[in-house]
2 protein chains.
Amino acid sequence: MKRGTYVLVAIATTALAAAFMVPGAGHGDQEVFVTTIPSGYRDWKLVSVAHEEGNLNDIRAILGNDIAVNAYREGRLPFPDGAVIARIAWTYVPSEENNKVFGRAQSFVAGPPPEWYLQFMVKDSKKYAATGGWGYAQFDKDGRPAPEAKMKTCYPCHDPIKSRDYVFTKYTP
Amino acid sequence: MKRGTYVLVAIATTALAAAFMVPGAGHGDQEVFVTTIPSGYRDWKLVSVAHEEGNLNDIRAILGNDIAVNAYREGRLPFPDGAVIARIAWTYVPSEENNKVFGRAQSFVAGPPPEWYLQFMVKDSKKYAATGGWGYAQFDKDGRPAPEAKMKTCYPCHDPIKSRDYVFTKYTP
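Everything numeric in this text was worked out from a predicted model, so none of it was measured.

What counts as what
- Residues numbered from 1 in each chain as written.
- Chains lettered and ligands numbered in written order.
- Predicted model: local features only at pLDDT ≥ 70, side-chain atom pairs only at ≥ 80, totals over all residues.
- Helix = DSSP H or I, 4+ residues; strand = E, 2+ residues; numbered from the N terminus.
- Buried ≥ 20, exposed ≤ 12 C-beta atoms within 10 Å, placed from the backbone.
- Core = buried A, V, L, I, M, F, W, Y, C linked by C-beta atoms within 7 Å.
- Contact = placed C-beta atoms within 7 Å.
- Least-squares fit on C-alpha atoms with pLDDT ≥ 70 in both.
- Pairing = 2+ DSSP bridges.
- Nonpolar A, V, L, I, M, F, W, Y, C, P; charged D, E, K, R; others polar.
- Arc of directions from axis to C-beta.
- pLDDT = per-residue confidence, 0-100.

## Some details on the overall build of chain A
Argument step 1. Each helix and strand counted, chain A has 5 helices and 6 strands in total.
Argument step 2. Relative to its full complement of 173 residues, chain A shows a buried share of 35%.

Laid out in structure tokens, this is it:
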């Protein structure tokens, strides 16, 4: 090799080593979170619905982008990179209007957004390797991302569902 | 007029009169129902979610085709012809898996489809003039349309919501 080539190889090696050491690059023990709301999520297809009692007291829809919903429908696990799953929560409120028509108190509908309105899981097996290949996100009703301390609670909670690639919600046709 | 023209006019008039007398053509007091599942409904955008207690005991999603969802988002009433709204119901079941992670019994999810799995409202202000411009449909979990006696209960139940073009569900962003 010529001297010039040696220099280039040395630079490349240093750059590569540096890349693996950059804090926040998502490697090693570094936790990385999603801090931007994925665009167009409200137009995505429905995965399923749920109701949480207790402190949450919400009614929720789980949506997925095309990559996520196709994987769900094909029963493909783990989810491929690019899959994004959205959870929208609404306050759980009785519907007086519906109850009047039904003739009894039985109807609960989606009310205004609660404090923690939106959650997302973004699949990127390299970027989010430290948290099972998923980047987690949570946004309040004004679109502000949750503080890091709150974000850190996502992954440990999803860990018991490792056998379904950390995703709680099952697709319901 | 020549004799031939008289004959043509007479035939045309008779045909026109006959058209208005055909049973099932959707005019007058004739009730007409939707008996085919609108194709692709499971890919439609989400309008909102709800939970019904009592005999129904379901958790449900309301979806709309693009015409319906655009009208909802623009606050456009009445809904334009071509709008279709779908209601999918699932049995309301506790999730032991979720409860274990939450550390308390609080989580309810969508289970297998109930007997009356699907409902639709199809807007065609001419065809369904007798029932507020909407054609109603109900299908069981095997895709069979409900008997006519059951279909006849749809419109009277929606009538109190005439001010919102007979549509119960409000869009939740």
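Still to come is the rest of the account.
## Section: the nonpolar core
Argument step 1. The biggest cluster of nonpolar side chains holds 83 residues, and the ones touching the most others in it are A:Ile85 and B:Ile85.
Argument step 2. Excluding anything up to four places from it in sequence, B:Ile85 contacts B:Val47, B:Ile62, B:Gly64, B:Ala68, B:Phe120, B:Met121 and B:Val167.

## A few points about the relation of the copies chain B and chain A
Argument step 1. The operation relating chain B to chain A is a screw motion whose rotation component is 180°, with 0.0 Å of axial translation and a residual RMSD of 0.0 Å. The superposition of one copy onto the other is thereby described by a two-fold rotation axis. Among all C-alpha atoms of chain B, that of B:Lys45 lies closest to the rotation axis, at 3.0 Å.
Argument step 2. Same-surface contact between copies: 100% of interface residues of chain B are shared with the interface of chain A.

## Some details on the environment of B:Leu63
Argument step 1. Along the chain, B:Leu63 falls in strand β2 (residues 58–64).
Argument step 2. C-beta crowding within 10 Å serves as the criterion here: with 23 such atoms nearby, B:Leu63 is assigned to the buried category.
Argument step 3. Along the primary structure B:Leu63 and B:Tyr136 are separated by 73 residues, whereas in three dimensions their C-alpha atoms are 15 Å apart.
Argument step 4. In contact with B:Leu63, other than residues within four places in its own chain, are A:Leu46, B:Tyr41, B:Trp44, B:Lys45, B:Leu46, B:Val47, B:Ala86 and B:Ile88.

## Overview of the environment of A:Pro147
Argument step 1. Its place among the elements puts A:Pro147 in the loop between β6 (134–139) and α4 (148–151).
Argument step 2. Placed 112 residues apart in sequence, A:Pro147 and A:Thr35 show a C-alpha to C-alpha distance of 9.9 Å.

## A short note on the pairing of strand β1 (residues 45–52) of chain B
Argument step 1. With 7 of 8 residues buried, β1(B) lies mostly within the body of the structure.
Argument step 2. Looking at chain direction, strand β4 (residues 107–110) of chain A and β1(B) are connected through 3 bridges and run antiparallel. Bridge pairing in β1(B) places A:Ser107 opposite B:Glu52.
Argument step 3. Here β1(B) pairs with β2(B) via 7 bridges, running antiparallel. The residue bridging B:Val49 from the neighbouring strand is B:Ala61, located in β2(B).
Argument step 4. Hairpin connection between β1(B) and β2(B): a loop of 5 residues separates the two successive antiparallel strands, and B:Gly54 in this loop has a positive phi of roughly 70°.

## Examining the interface of chain B and chain A
Argument step 1. Each partner contributes to the interface: chain B provides 28 residues, whereas chain A provides 28 residues.
Argument step 2. Residue assignment for the side of chain B that touches chain A shows that the elements contributing at least two residues are β1, β2, α3 (96–102) and β4 (107–110) of chain B.
Argument step 3. In terms of residue class, the side of chain B that touches chain A is built from 15 nonpolar, 7 polar and 6 charged.

## Quick look at the environment of A:Lys150
All names here are of chain A.
Argument step 1. Within the secondary structure, Lys150 is located in helix α4.
Argument step 2. A tally of 14 C-beta atoms within 10 Å means that Lys150 is categorised as partly exposed.
Argument step 3. Measuring from C-alpha to C-alpha, the distance between Lys150 and Phe102 comes to 41 Å, with 48 residues separating the pair along the chain.

## Things to note about the pairing of strand β3 (residues 84–94) of chain B
Residue and element names in this part refer to chain B.
Argument step 1. For β3, the tally of buried residues reaches 8 of 11 residues, placing the bulk of the element in the interior.
Argument step 2. In the sheet, β3 pairs with strand β5 (residues 118–123) via 5 bridges, with the strands oriented antiparallel. The residue bridging Ala86 from the neighbouring strand is Phe120, located in β5.

## With respect to helix α2 (residues 66–74) of chain B
Two residues of an α-helix separated by three or four positions point the same way, owing to the 3.6 residues in each turn.
Residue and element names in this part refer to chain B.
Argument step 1. All of the buried residues along α2 are Ala68, Val69, Ala71 and Tyr72. Looking straight down α2, one finds that the buried residues subtend no more than 160° of arc, so they occupy a single side.
Argument step 2. In the stretch just after α2, Gly75 is the one whose phi turns positive, near 65°.

## A few points about unusual backbone geometry
Argument step 1. Cis geometry is found at the peptide bond from A:Leu77 to A:Pro78, where omega equals -5°.
Argument step 2. Residue placement: A:Pro78 occurs in the loop between α2 (66–74) and β3 (84–94).
Argument step 3. A positive phi angle is found at B:Asn57, which is not glycine, with a value near 40°.
Argument step 4. You can call B:Asn57 partly exposed: it has 14 C-beta atoms within 10 Å.
Argument step 5. Despite not being glycine, B:Asp165 shows a phi value in the positive range, around 55°.
Argument step 6. Within the secondary structure, B:Asp165 is located in the segment after α5 (154–158).

## Description of the confidence of the model for chain A
Residues and elements named next belong to chain A.
Argument step 1. Chain-level pLDDT for chain A is 88 on average; 83% of the residues reach the 70-or-more range.
Argument step 2. The low-confidence segment residues 5–27, where pLDDT is below 50, has 13 contacts with residues more than four positions distant or belonging to other chains.
Argument step 3. As scored by the predictor, the complex reaches a pTM of 0.84 and an ipTM of 0.84.

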